[in-house]
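In case you want the letters, here they are:
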Amino acid sequence: MKLYYAPGTVSVSIAIALHEAGLDFDSHKVSFKDAEQTKPEYHAINPKGRVPALEIEGGILTETGAILDYIAAIAPEAGLMPEDPVDAARVRGVIHYLASTMQPNHAHGPRAYRWAEKEESHADMRAQVPKTMRASAAYVEDHCLRSPFVMGDHVTAADPHLFVMCLWLKGDGVDPEDFPRISAFLQAMEERASVKAARAAGML
Ligand SMILES: N[C@@H](CCC(=O)N[C@@H](CS)C(=O)NCC(=O)O)C(=O)O
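Note that residues are indexed from 1 along each chain, following the sequence as it is written. The predicted origin of the model limits local features to residues at a pLDDT of at least 70 and limits the giving and counting of side-chain atom pairs to 80 or more, whereas totals for whole chains, interfaces and linings rest on all residues. Side-chain metrics rest on all non-hydrogen atoms present in the structure, leaving aside hydrogens and water.

In the annotation of an unreviewed UniProt entry, the protein is listed under the name Glutathione S-transferase family protein and assigned to Roseovarius aquimarinus.

Next up, the structure:
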């Protein structure tokens, strides 16, 4: 397997999940500085021009949530997706929330140009980010963490995803220290070998 990623982005959650699953993988750093994700060579890998993309024997997988599900399915012994359907739906519910709400909240800062052309509109959107990210943090704090992880003591597929997004909070003007469960979650994740490996590889 080969992971296409960019440091600090949602794609790093895939590296962390692969490590949690005990799966070996190669990686390719997509240089955002050189706008590599906008070039035809990368569009041949992921026509959406985004990371992550995961090359597997059967082709290329995209979308963080789908890739996390795939990793959980091929390494069932890691228990990244609960067997109980209700618990599995809870894990997927967090993943869907992150992809559909928290990530777009964040993206209105650095990627405002996706939604509007005028600089004044961008400034307006950027100004909303601390507010919308704080609302996301409050939702995560109150409804997504059984502590220290999403499902309690055991890491599931939602945790690497949530971890990367909580790392964005500071830069988005939200102090994670205001949220005790999030703070404990971040600390517990930092202690995982998977996160240490991602840091050692310069992914975070
Ligand atoms: N829904 C996608 C979103 C992926 C995404 O937007 N990734 C960002 C990095 S966090 C990206 O590749 N941005 C590049 C760009 O906008 O040019 C997923 O969860 O995989």
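**Some words on the packing of aromatic side chains**
In this analysis, rings of Phe, Tyr and Trp, with Trp reduced to its six-membered ring, are considered paired at centre separations within 6.5 Å, and the interplanar angle assigns stacked below 30 degrees, edge-to-face beyond 60, and tilted for intermediate values. Going through the model one piece at a time under the given rule, you end up with three aromatic pairs. With centroids separated by 4.6 Å and ring planes inclined at 50 degrees, the aromatic side chains of Y97 and Y139 adopt a geometry described as tilted. One end of the pair, Y97, is in helix α4 (residues 85-107); the other, Y139, is in helix α5 (residues 119-143), with 42 residues separating them in the sequence. Helix and strand assignments come from DSSP, with helices taken as H or I runs of at least 4 residues and strands as E runs of at least 2, each series counted from the N terminus.

**Considerations on the domain arrangement of the protein**
Buried accessible area, meaning the area lost when the parts come together, often serves as the stated size of an interface. Assigned domains within the protein: domain 1 (2-77) and domain 2 (81-192). One C-alpha centre belongs to domain 1, the other to domain 2; they are set 19 Å apart. Between two residues, a contact is recorded if the distance between any of their heavy atoms is within 4.5 Å. In this complex, domain 1 contributes 16 residues to the contact, which on the side of domain 2 involves 16 residues. It is V10, E20 and L68 in domain 1 that bury the most area against domain 2; as a group they hold 37% of the surface buried on that side. Any Lys or Arg side-chain nitrogen located within 4 Å of an Asp or Glu carboxyl oxygen qualifies as a salt bridge. Across the contact surface, domain 1 and domain 2 share two salt bridges. Between R192 and E20 there is a salt bridge, and its shortest N-O distance comes to 2.9 Å. As used throughout, domain bounds are those supplied by an automatic or database domain assignment. Note on terms: buried area is the combined drop in 1.4 Å-probe accessible area of two parts once they are placed together, counting the loss on both.

**What to know about the pairing of strand β4 (residues 59-62)**
When DSSP finds two or more bridges between a pair of strands, those strands are recorded as paired. Across four bridges, the pairing between strand β3 (residues 53-56) and β4 is antiparallel. What sits directly across from I56, in β4, is G59. With antiparallel pairing between neighbouring strands as the criterion, β3 and β4 make up a hairpin whose turn holds two residues.

**A look at the sheet that holds strand β2 (residues 26-29)**
As summarised here, the arrangement of the four strands in space is β2-β1-β3-β4, forming an open sheet in which the pairing is mixed. Strand pairing shows two members of the sheet lacking a second neighbour, β2 and β4, which therefore form its edges. Recorded for the sheet is a direction-independent mean angle of 20 degrees between the axes of neighbouring strands. Working convention: axes come from line fits to C-alpha atoms, limited for helices to the stretch in contact. Angles between N-to-C directions cover 0 to 180 degrees.

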